[in-house]
Amino acid sequence: MADSTPFAAIAPLFHAPPEQSYPGLSPQLLARIKQLWSARGLDFDQIWREGIRALPGFRAVPQIDTSHDSAAVDLVFLFDQALLWVRALHAATAAGHSVSIEGLSAAQWHGLAGVTARLIEQMTALRLLALTELPLPAMQVARSLSEDADMALVLLIRPMLARRFSECSTAEDASDFWRRHIAGGRAFKAISEKLYNVGIDHSADTEYATWRKSVLATLSTAVHSNILNTAPSGGRQDRALLNDDSLYFATFRIHELCAYAQLLAPELTDLLDKAGETAAGTFAPLAAPLSGILVSQIQCLNSPASERQRHEQAGRH
């Protein structure tokens with residue numbers, strides 16, 4: 001995400017309309033999202049202030065060149081929508097665990113609450129890193145976030161594994177659990193098998209699996225800074241591209257988590273509704289309606305890199 005004056009973005013006043021924090025945002029996207037919220041009786045502006053504007057280290061999107069397209073700004077806006085859903089999901093799963101709502105085991109509710117708490121911190125950090133042009137740590141966070149999204153789905157579909165996770169009492173236990181069941185694509189394999197049963201093929205030779213593996217390989221190089229050209233002479237546009245890639249992948253994965261969770265556990269929306277009823281006044285009641293909104297806006301999610309390429313190709317003809 002490049003701007004003409006680095007670190008110069010000023011956050012609008014707390015009660016300013018949300019769109020003032022996204023200069024250059026597509027009016028069509030803003031109208032569509034607000035319509036989705038309004039249709040469910042939700043006050044977008046107020047919830048955005050409580051869930052996004054109040055984030056630690058909140059920054060508005062810097063002024064960037066949107067003369068060709070608004071994809072980069074739209075991406076941050078959709079990322080923030082995903083973050084609102086994760087905050088609501090965390091509140092609902094924590095409530096589901098505290099009142100022992102039937103439909104998921106206590107270990108599943110507990111595990112999901114823990115993983116979503118970590119996702120909130122990761123997304124908050126990733127947002128700040130991307131908007132302040134720190135691509136390497138942003139890539140590290142995006143890779144970890146992707147693994148946690150897989151873990152959330154595994155906990156949802158495998159109650160016994162959730163129980164084993166809940167029994168981890170030390171850092172060593174947690175590390176061993178992660179190595180045995182999550183790392184190295186193990187969780188994704190289990191998820192792919194379940195998705196195949198509902199008609200979605202994500203086996204290793206599919207285009208999606210190839211893309212996902214390629215992105216994760218790129219993100220993993222962030223722990224080896226000598227592999228990437230990170231010197232200032234590399235140019236701001238190169239650094240912006242890395243930021244956009246990390247932000248896009250993270251946004252895509254959270255939208256995917258939302259959609260797949262509802263496919264693999266069709267009863268989840270009703271369970272989140274019940275959890276929300278027990279925790280009025282928090283983000284918990286938003287979990288179910290925001291799930292529908294997030295799935296509805298997936299078609300709006302375009303990679304800024306692909307949009308730039310499209311315009312560059314058009315300019316050559």
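What you see is a predicted model, and the numbers here were worked out from it, not measured in a lab.

**Quick look at a negative patch on the surface**
Together, Glu267, Asp270, Asp273 and Glu277 make up a negatively charged patch on the protein surface. Take Asp273: it is sitting in helix α11 (residues 268–277).

**Let's talk about unusual backbone geometry**
A positive phi angle is found at Ser100, which is not glycine, with a value near 55°. Relative to the elements of secondary structure, Ser100 occurs in the loop between α3 (71–98) and α4 (106–131). Residue Ser100 is classed as exposed on the basis of its relative accessible area of 53%.

**Considerations on the nonpolar core**
The biggest cluster of nonpolar side chains holds 92 residues, and the ones touching the most others in it are Tyr22, Trp37, Trp85, Ile254 and Leu290. Here this core gets 17 residues from one element, more than from any other, and that element is α3. With residues up to four places along the chain from it excluded, the contact list for Trp37 reads Leu42, Asp43, Phe44, Ile47, Gln81, Leu84, Leu290 and Ile293.

**Observations regarding the confidence of the model for the protein chain**
In the predicted model, the protein chain carries a mean pLDDT of 82, and the fraction of residues at 70 or more is 79%. Segment residues 2–8 is flagged for pLDDT under 50; beyond a separation of four residues in sequence, or across chains, it makes 17 contacts in the model.

**Points about the packing of helix α1 (residues 27–39) against helix α2 (residues 44–53)**
Direction vectors running N to C along α1 and α2 enclose 100°, while the axes themselves pass 10 Å from each other. As judged from the angle between their axes, α1 and α2 are roughly perpendicular. Note on element contacts: α2 touches α1 through Phe44, Asp45 and Ile47, opposite Ile33, Lys34 and Trp37. Across the contact of α1 with α2, the residue classes break down as four nonpolar, no polar and two charged.

**A look at the side chain of Asp148**
Note that Asp148 resides in helix α5 (residues 135–157). Overall, the relative accessible area of 1% leaves Asp148 in the buried class. Here Arg118 takes part through its side chain, which lies 2.7 Å from a polar atom of the side chain of Asp148.

**Overview of α2**
Structural remark: α-helix, 3.6 residues per turn; residues separated by three or four positions point the same way. Most of α2 sits inside the fold, with seven of its 10 residues counted as buried. Listed in full, the buried residues belonging to α2 are Phe44, Ile47, Trp48, Arg49, Gly51, Ile52 and Arg53. In this structure, the buried side of α2 is in contact with α1, α3 and α4. Between the side-chain oxygen of the N-cap and the backbone nitrogen of Asp45 there are 3.3 Å, and the N-cap of α2 in question is Asp43.

The rules behind the values
Positions within a chain are numbered from 1, following the residues in the order the chain's sequence is written. Only residues with pLDDT of at least 70 get local features here, since the model is predicted, and only at 80 or more are side-chain atom pairs given and counted; chain-wide, interface and lining totals rely on the full set of residues. Based on all heavy atoms of the structure, the side-chain values leave hydrogens and waters out of the count. To count toward a patch, a residue needs a relative accessible area over 30% and no salt bridge; like charges are then connected within 9 Å, while nonpolar side chains (Val, Leu, Ile, Met, Phe, Trp, Tyr) are connected within 5 Å. Per-residue and other accessible areas follow the Shrake-Rupley method at a 1.4 Å probe size, with only the shown protein chains counted as cover for residues. What makes a salt bridge here is a side-chain nitrogen of Lys or Arg within 4 Å of a carboxyl oxygen of Asp or Glu, nothing more. Charge assignment: positive for Lys and Arg, negative for Asp and Glu; neither His nor the chain ends contribute. Note that the charge is assigned to NZ on lysines, CZ on arginines, CG on aspartates and CD on glutamates. Only DSSP runs of H or I covering at least 4 residues are called helices, and only runs of E covering at least 2 are called strands; the numbering of each starts at the N terminus. Think of it in three bands: residues with accessible area under 20% of the maximum for their type are buried, residues over 50% are exposed, and the middle band is partly exposed, with areas taken using a 1.4 Å probe on protein chains only. To qualify as a nonpolar core, a set must consist of buried Ala, Val, Leu, Ile, Met, Phe, Trp, Tyr and Cys residues joined through side-chain atoms within 4.5 Å. Contact criterion: two residues are considered in contact whenever any of their non-hydrogen atoms come within 4.5 Å of each other. pLDDT measures how confident the predictor is about each residue, on a scale from 0 to 100. All axes here are fitted lines through C-alpha atoms, helices being fitted over the stretch that makes contact, and every angle between N-to-C directions spans 0 to 180 degrees. Angles below 35 degrees are treated as roughly parallel, those above 145 as roughly antiparallel, those between 65 and 115 as roughly perpendicular, and all remaining angles as oblique. Throughout, the ten residues Ala, Val, Leu, Ile, Met, Phe, Trp, Tyr, Cys and Pro are labelled nonpolar, Asp, Glu, Lys and Arg are labelled charged, and all others, Gly among them, are labelled polar. Whenever two N or O atoms come within 3.5 Å, that pair is a polar contact, provided that in protein one can donate a hydrogen and the other can accept it, and provided that, for residues adjacent in sequence, both atoms are side-chain atoms.

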